[in-house]
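Spelled out, the chains give:
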Amino acid sequence: APGTMSGSGSEEPQPSQPAEDGQQEAEQDWAAAKAFYDNLVTKRPRPPKPQNAITVAVSSRALFDLVEERRIYEEQGVEKYVEYQQNNENVPLKPGPAFYFVKALEHVNARLLELYPDDEERFDIVLMTNNHAQVGVRLINSINHYGLTIERFCMTGGESPIGYLTAYLTNLYLSADSEKVQEAIKAGIASATMFSASKEVAYSDIQLRVAFDGDAVIFSDESEQIVKEHGLDRFFEHEQLNENKPLAQGPLKGFLEDLGKLQKKFYAKNERLNCPIRTYLVTARSAASSGARVLKTLRSWGLEIDEALFLAGAPKGPILVKIRPHIFFDDQMFHIEGAQKLGTIAAHVPYGIAQKYRKPT
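Residues numbered from 1 in each chain as written. Predicted model: local features only at pLDDT ≥ 70, side-chain atom pairs only at ≥ 80, totals over all residues. Heavy atoms only, no water.

Looking at an unreviewed UniProt entry, the protein chain carries the name 5NT1B nucleotidase, with the source organism given as Chaetorhynchus papuensis.

Moving on: the nonpolar core. Core analysis: the largest hydrophobic core is formed by 63 residues, its most contacted members being F255 and F329. Element by element, the count of residues in this core is highest for helix α5 (residues 99-115), at seven residues. Summarising the domain contributions, this core has at least three residues from each of domain 1 (50-194) and domain 2 (208-355). (Core = buried A, V, L, I, M, F, W, Y, C linked by side-chain atoms within 4.5 Å. Buried < 20%, exposed > 50% of the residue type's maximum accessible area, 1.4 Å probe, protein only. Helix = DSSP H or I, 4+ residues; strand = E, 2+ residues; numbered from the N terminus. Domains from an automatic or database assignment.)

Now for the side chain of S220. Tracing the chain through its elements places S220 in the loop between β8 (208-212) and α9 (222-230). A polar atom in the side chain of S220 sits 3.3 Å from the backbone nitrogen of E222. In contact with S220, not counting residues within four places along its chain, are D215, A248, Q249, G250 and Y351. (Polar contact = N/O pair within 3.5 Å; in protein donor to acceptor, adjacent residues only side chain to side chain. Contact = heavy atoms within 4.5 Å.)

Note on placement: H326 falls in the loop between α13 (317-323) and β11 (327-330). Among the residues examined, H326 registers a relative accessible area of 1% and is labelled buried. Here the side chain of H326 touches S204 through a polar contact of 2.8 Å, landing on its backbone oxygen. Residues contacting H326, with those up to four places away along its chain left out, are Y100, F101, A104, Y203, S204, Q207, L208, R209 and I345.

A complete count under the given rule lists 20 salt bridges for this structure. Here D177 ties to K180 by a salt bridge, and the two come within 2.9 Å at their closest N and O atoms. For the pair formed by D177 and K180, the shared burial category is buried. Across the salt bridge formed by E237 and R234, the nearest N and O atoms sit 4.0 Å from each other. Taken together, the residues E237 and R234, both in helix α10 (residues 232-241) and three residues apart, mark about one turn of the helix. The exposure class assigned to E237 is partly exposed, which follows from its relative accessible area of 44%. Note on R234: relative accessible area 34%, which makes it partly exposed. What emerges from the salt-bridge pattern is a single network uniting D119, E121, D258, K261 and K265. (Salt bridge = Lys/Arg side-chain N within 4 Å of Asp/Glu carboxyl O.)

This is the structure:
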């Protein structure tokens, strides 16, 4: 009978809004899942709730090298592609452009779990792929071969992943497909297209290093519009006039914020000097003419960045070689290509006015 589930003895009607009911059901589902996991004997940490986690969704072509498989797909069609993957499902895939970034995220997670064993605020890596489910066995075997902790898979069988990205409360989406990345950016999801480095370099396995361009990546493209439309002199003048007016946020500001939150968790345990996350701003701006606005904007947001490198138009590649980031975000393909040539794994953020000036490929 209605009211028998109340347990309070009150005759007052219970809230019946669909949103509240949905939230209550979701909480009950998570409680049941937690109880199930807690009863299992396993060394693996239970995946966190999406609302507590920093969710990083990676496509299979970003995580693994699928160049040969992609060629089969394009030249021979989907059936031959699936057949090839099934015939080779015990052959581990080689690392792709996002692989070492994911490994570094997992190292941060391991350190967080040592310091905060009951806290769910850590990275959750989701494999978000439009592959068909039949290809899943090879992906699972490859993930297990490398000892990666990726528990959540979303295999969309050719459908767009954007709805799933939203459902997972995705904080960052990395893909090798620029069209999907553009779709994600338009949906308000921080996203970038991954490019492999042209050279093999060694990456730190004890510290996650993330390098960001400034304008149209951490910040809006407001200042870049001035450069493109009115030239550098007008840009310098504009930035000095607006030095105390914070820039609007760009698509990757939220991810920098997420990294900062995790850094503070290490600082709180007196681990500042041993923090496994380091962030870098690598910008073509010049410090004297236009750097103050950038630094004041970060300060107004309450964000710290570990190193700020103002290059005054010099190439970014040689500086990035010294940093060796696991990932470098930039909105201009010119900088992406320069970084790639010298061995940096770069991620293109298709946002802002610079996209109108891209050379046709």
